[in-house]
Amino acid sequence: SRDVVVVVGRSAAAQLLLVLLRVVVIIVVVAVAAPAVSRFAMSSTTGISGAADLHQRFSAFRQQASPAFCVIVIKDEQLQLDHTQTSDLQEPSLEDNVQLAYHYIAEHVSEAMYVLIHMGKSSDSFVLATYVPDNCPARDKLTYSATAQGLRSMIGSFISISRQCHSLDHISMDHLSFSTVREDALTERERQLRDESKASAEIISSSSSELSFLSSSALPFALSPETES
């Protein structure tokens, strides 16, 4: 019987040792994987967060009598509300607000920015124009394009239309007013940017089991040869 007790004791000790070994392995795997996941999340969102007063200031602007448009820029690694403008009209239309935004951007034509243009009249929605002109710094093109999805998430349901704009001509009703853009109205570069943005959104929404594939994915904005140089 003593031999049986010894065998049983050794078996229990072996099982306990196996459990402890598994716990150690899990801890090591988590310790190694966590930084990699963190780095992926940071690169996917560019590490840009909203300023502490962003929601409050946007909400105050949105509740004004005739909001026309507001401008959000990236400063000090944060999304900050940089400019707001209301309309002198009692019930401005989207076209009225687009014209006001056009004149503002014309004075800052080489600067990247997010422009939220109010849809006008009784609407509570906005058009998000991600303005990244061709002659702005390549770093701004990359950062603003990659951070647009994060801004949309912060603003939420108030954005009904989202557009990439690469020149002042894109600040127009033809480019901003429709929920879908005709395929023949897009340039080859715009089609490429659209497809890459859609692919990037699908990648980011993938399950965590696909992180190893995601880590090698390209950023959601491709620089043209001339901007790379």
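Conventions we followed
Residues numbered from 1 in each chain as written. Predicted model: local features only at pLDDT ≥ 70, side-chain atom pairs only at ≥ 80, totals over all residues. Heavy atoms only, no water. Core = buried A, V, L, I, M, F, W, Y, C linked by side-chain atoms within 4.5 Å. Buried < 20%, exposed > 50% of the residue type's maximum accessible area, 1.4 Å probe, protein only. Helix = DSSP H or I, 4+ residues; strand = E, 2+ residues; numbered from the N terminus. Contact = heavy atoms within 4.5 Å. Arc of directions from axis to C-beta. pLDDT = per-residue confidence, 0-100. Pairing = 2+ DSSP bridges. Axes fitted to C-alpha atoms, helices over the stretch in contact; angles between N-to-C directions. Expected span 1.5 Å × (residues − 1). Bend = angle between axes of the 7 residues up to and from the residue.

**Observations regarding the nonpolar core**
Core analysis: the biggest nonpolar cluster contains 41 residues, and Tyr114, Val115, Leu116, Ile117 and Ile171 have the highest contact counts within it. Taken together, the elements giving at least two residues each to this core come down to helix 2 (54-62), strand 2 (67-75), strand 3 (78-86), helix 3 (94-106), strand 4 (113-118), strand 5 (126-131), helix 4 (138-155) and strand 6 (159-165). Among the elements that line this core, the one with the most residues is strand 2, at seven residues. Beyond its immediate sequence surroundings of up to four residues, isoleucine 117 is in contact with Ala68, Phe69, Leu94, Asn97, Val98, Ala101, Ser125, Phe126, Val127 and Leu176.

**Some thoughts on helix 2**
Taken together, the buried positions of helix 2 are Leu54, Phe58, Phe61 and Arg62. Projection of helix 2 onto a plane perpendicular to its axis shows the buried side chains occupying an angular sector of 100°, all on one side.

**Concerning the environment of alanine 65**
Assignment of secondary structure puts alanine 65 in the loop between helix 2 and strand 2. Classification of alanine 65 by relative accessible area gives exposed; the value is 81%. Each C-alpha atom, one on alanine 65 and one on serine 87, is 8.6 Å from the other, the two residues being 22 residues apart in sequence.

**Here's the deal with the confidence of the model for the chain**
Per-residue confidence for the chain gives a mean pLDDT of 75, with 64% of residues at or over 70. Overall, residues 32-44 carries pLDDT values under 50, and its contacts beyond four positions in sequence, including any with other chains, amount to nine contacts. Across residues 207-229, where pLDDT falls below 50, the model places 27 contacts with residues more than four positions away in sequence or in other chains.

**Considerations on the sheet that holds strand 4**
Strand order in the open sheet formed by six strands is 1-3-2-4-5-6, and the pairing between neighbours is mixed. Looking at the sheet topology across the chains shown, the edges are occupied by strand 1 (49-50) and strand 6. Both strand 1 and strand 3 contribute to a ladder of two bridges, which runs parallel. Considered in strand 3, the bridge of serine 49 is made with glutamine 78. Packing against the sheet, helix 4 makes contact with strand 1, strand 2, strand 3, strand 4, strand 5 and strand 6, and its axis sits at approximately 40° to strand 4.

**So, helix 4**
With 18 residues, helix 4 extends 26 Å between its outermost C-alpha atoms, agreeing within 8% with the 26 Å of an ideal straight helix rising 1.5 Å per residue. Along helix 4, the largest kink reaches about 40° and is centred on alanine 148. Restricting attention to buried positions, one finds in helix 4 the residues Lys141, Thr143, Tyr144, Ser145, Ala146, Thr147, Ala148, Leu151 and Ile155. Downstream of helix 4 by one or two residues, glycine 156 has phi in the positive range, about 75°.

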